[in-house]
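Spelled out from the first residue to the last, the chains are:
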Amino acid sequence: MTSAPIAYSTDGRTFHFSTDIKSGHEIGSYVRLETEAGSTFLGQVLDAEIKGIGTGSMSVSGIGEIRAITDGEAILDGKPTPFGSATLSDVDPKVVHAYFARLRGSKAGLDIGRMKRVGDNETATLQAAGFGRHTLVCGQSGSGKTYSLGVVLERLLMETDLRIAVLDPNSDYVNLNEFGGADQMGLDAAEQEKLSERYAEASRRVSIHGTRENQQPLQTRFGRLPIEQKALVLDLDPLRDAREYNVLGRIVREMPNTEYSLSDVRQKAASMFDDGAQNLAIRIDNLNVEDMSIWAPNDAPAMLDLIPEDWRGIVLDLGSLPSANERSLMAASAVHFFWQTRHRRRPTLLVIDEAHNVCPQTPTDRFQAMAIEDLAAIAGEGRKFGLYLLLVTQRPQKLHVNVLSQCENILLMRMNSKADIDHLASVFSHVPEPMIRQASSFGLGEGLAAGRISADPMLFKTGTRFSVEGGSDIPAAWAEQRKK
Ligand SMILES: Nc1ncnc2c1ncn2[C@@H]1O[C@H](COP(=O)(O)OP(=O)(O)OP(=O)(O)O)[C@@H](O)[C@H]1O
Ligand SMILES: [Mg+2]
């Protein structure tokens, strides 16, 4: 015996349903609800469970939310009303697209791949305007975070005017300004050419900064750092190291401009006669910070001198820096820079990959402590100034809670750890928990988009990157079967 699909709603917002086990109405899918009174609604299934196991008459029961009133094709004005009984059937994907397009209005959409559980091959479109809130991208190693984020960034470059700054510890985005061919998209030569031209135009003002050949410099000048950062580089505390801190302050004040190096400070300190100055010179020697690759030589320009006013994208290839200290300092300096210049009010997306290393719950070095302070400020107040965060991590529980709790959007890729899923479900309590729990069954490149970036929580499979992937995975040739 099969049970007839039936649904009811007591509030006109949510609905309960029971259907035959073969109906295929899975979590995340859309349904057409037709009430006895003749109204048709679009609903989304948010939870479903099998009932009656072992009784010989299994069925699926679940709940969902009513999204819109439809006439079976278009979306109509008005508010859905409660109903005592409605039939439940498959929905035409066109209705889902019409509903998304209506909510997007005049704002840009980002086509990132294919929707799952809606039709067979339907385009998954994110709401670009949603990136005006903070976003978390998370998933376990190898789940496709970097690849998928690459797709999102490329589409943001092509479809919007949002500035994008990427802190890239694994050198994954160093080719963001290079069209890669998008071979798997099945385009003909003319379409490829057109896409290539469009991408070249969109990524023209994206610069890549690092220490590798062909990269723009990733260097700053010690004299330009604010005094707190200078002290941080030298691990100086104004109370604990009162004398040395005081000498540093005096030297800085006496410099004619900001174009001096750490070596200039050391020389000056060494030439002074008090103990504090001598200790400061010794400290600079002992910390081994004078020769770090992040300092621009006195006769060479610093990174900021080379970035034009109308920059569109900046990738900081932190992975090209030789030491963890330099990576940490550069990341903290960049975050500090964006917070300090917030009054310029230029909408900017600050992308931080491996964000748990930049702003962990418990800092392990002095640079992280500074970055946490600035990122907490950006997370709390950045939006007012047009500063939006996009944080990428495998370890959401390690991310500082003041930063994580301000993320409204989530792009969740495969995640096996139950503890991490539980944590996300409590932080993203506005996202239906059963949808978050789907993450343990995602395949490569599959994910959930929820928050302002998607009208409804949406399951997707990422499409093709336009630009060349950076540091890709090591091929598993070592595991090939030996020829006998
Ligand atoms: N949608 C996709 N289509 C094709 N290949 C993909 C897709 N998503 C990911 N890949 C490939 O899978 C591999 C792992 O993906 P990726 O590097 O994005 O994972 P990750 O989640 O960033 O991992 P990690 O946390 O270790 O950095 C890469 O080689 C990438 O090219
Ligand atoms: Mg990655």
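Computed from a predicted model, the values in this text were never measured in an experiment. (Residues numbered from 1 in each chain as written. Chains lettered and ligands numbered in written order. Predicted model: local features only at pLDDT ≥ 70, side-chain atom pairs only at ≥ 80, totals over all residues. Heavy atoms only, no water.)

### Here's the deal with the overall build of the protein chain
Heads up, the rule is: To qualify as a helix, a DSSP run of H or I must reach at least 4 residues; to qualify as a strand, a run of E must reach at least 2; elements of each kind are numbered from the N terminus. Think of it in three bands: with a 1.4 Å probe and only protein chains considered, a residue is buried below 20% of the maximum accessible area for its type, exposed above 50%, and partly exposed in between. In what follows, residue pairs with any heavy atoms lying within 4.5 Å of each other are defined as contacts.
When its secondary structure is counted, the protein chain shows 14 helices and 18 strands. Each principal axis of the C-alpha distribution contributes one length, and for the protein chain these read about 95 × 60 × 55 Å. For the protein chain, the residues scored as buried account for 51% of the 484 residues in total. Within the protein chain, contacts between residues separated by at least 24 positions form 69% of all contacts whose residues are at least 6 apart in sequence.

### As for the pairing of strand β18 (residues 458-462)
The cut-off we apply is this: In this scheme, strands are said to pair when DSSP sees at least two bridges between them.
Across the five residues of β18, four count as buried, placing the element largely inside the fold. Across three bridges, the pairing between strand β8 (residues 109-115) and β18 is antiparallel. Across the sheet, G113 pairs through a bridge with T462, a residue of β18. Here strand β17 (residues 446-450) pairs with β18 via four bridges, running antiparallel. Bridge pairing in β18 places L448 opposite L459.

### Quick notes on unusual backbone geometry
At R345, a residue that is not glycine, the phi angle is positive and equals roughly 55°. Within the element layout of this structure, R345 appears in the loop between α9 (324-340) and β14 (348-352). R345 sits in the exposed class, given a relative accessible area of 53%. A positive phi angle, near 50°, is found at E354, a position not held by glycine.

### What about the nonpolar core?
Rules: Residues enter a nonpolar core if they are buried and are Ala, Val, Leu, Ile, Met, Phe, Trp, Tyr or Cys, with the set joined through side-chain atoms within 4.5 Å. Segmentation into domains, and thus their bounds, comes from an automatic or database assignment.
Grouped together as the largest cluster of nonpolar side chains are 81 residues, with contacts concentrated most on L136 and L234. Looking at this core, you find at least three residues from each of domain 2 (109-218 + 301-462) and domain 3 (222-287). Aside from chain neighbours lying at most four places away, what touches L234 is F222, L248, L262, L280, R283, I284, L287, V289 and R366. One finds V118, V137, I453 and F460 within the second-largest nonpolar core, a separate group that totals 49 residues.

Just geometry here; none of it tells us what the structure is for.
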